[in-house]
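# Structural description and commentary
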Amino acid sequence: MSRCMQQGASLIEVLVAVVIFSLAILGLAAMQLNALKANQSASVRSHAVFLAYEIADRMRAGRGDAQAGLYDLALDAELACVPSAEDDCLPFQRDQAQWRANLASQLPDGTGGVARDGQRFTITVQWTEERVGGSPAQQFSFVTQI
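Bear in mind that the values here come from a model prediction, so they are computed numbers and not experimental data. (Residues numbered from 1 in each chain as written. Predicted model: local features only at pLDDT ≥ 70, side-chain atom pairs only at ≥ 80, totals over all residues. Heavy atoms only, no water.)

## A short note on the environment of Asp109
Counting through the fold element by element, Asp109 comes out in the loop between helix H3 (91–106) and strand S1 (111–117). By relative accessible area, which is 62% here, Asp109 ends up exposed. For the pair Asp109 and Met31, spaced 78 residues apart in sequence, the C-alpha to C-alpha distance is 27 Å. Once you skip the residues sitting within four places of it in the chain, Asp109 turns out to touch Gln126, Trp127 and Thr128. (Helix = DSSP H or I, 4+ residues; strand = E, 2+ residues; numbered from the N terminus. Buried < 20%, exposed > 50% of the residue type's maximum accessible area, 1.4 Å probe, protein only. Contact = heavy atoms within 4.5 Å.)

## Some remarks on the packing of aromatic side chains
For the structure shown, the criterion picks out two aromatic pairs. The interplanar angle of 50° and the centroid separation of 4.4 Å between the aromatic rings of Tyr53 and Phe142 together place this pair among those described as tilted. Placement of the pair is Tyr53 in helix H1 (residues 3–61) and Phe142 in strand S3 (residues 138–145), with a sequence separation of 89 residues. The class for Tyr53 is partly exposed, based on a relative accessible area of 39%. The buried category is assigned to Phe142, whose relative accessible area is 12%. (Phe/Tyr/Trp six-rings, centres within 6.5 Å; stacked < 30°, edge-to-face > 60°.)

## Observations concerning a nonpolar patch on the surface
On the surface, Phe21, Ile25, Leu28 and Met31 cluster together into a nonpolar patch covering about 430 Å² of accessible area. Classification of Met31 by relative accessible area gives exposed; the value is 54%. (Patch = residues over 30% accessible without salt bridge, like charges linked within 9 Å, V, L, I, M, F, W, Y side chains within 5 Å. Areas by Shrake-Rupley, 256 points an atom, 1.4 Å probe, with all protein chains shown as cover. Salt bridge = Lys/Arg side-chain N within 4 Å of Asp/Glu carboxyl O.)

## Thoughts on the state of the cysteines
The final tally for this structure, using the stated rule, is one disulfide. Two residues share a disulfide in this structure: Cys81 and Cys89, whose sulfurs sit 1.8 Å from each other. Taking the sign of the S-S torsion, about -80° here, the bridge from Cys81 to Cys89 comes out left-handed. One exposure class covers both Cys81 and Cys89, and it is buried. (Disulfide = S-S within 2.5 Å.)

Set out below in structure tokens:
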């Protein structure tokens, strides 16, 4: 083989190596992007669990009101009272308003509800994961006894 032919073969080998290296870098970038999405999703889910436990603790503090059904709240229900500067809401209404405010501020499109069945309460937290490529409505339900 002539010297010119050997130099041309070396150039082709370098180009093939650059293409393979570029594809590997693109694969690593895609993997990093997926890891970031999964991390964001896990963070939001952790907040949802924490917020479900928050309202359960508030209900345990107001056990009589919870057992009387005053904490019952549908996912799409409007709040009966929104605390103002005068703070004229009842304690359970203040708890619901603060909980809904926490859901809205800590979760994307976050909302929540409480359903009672005797002594069992189902707390549902709902949010969206569209921002990270997930489904429009995610939901976490937590069942507890008060």
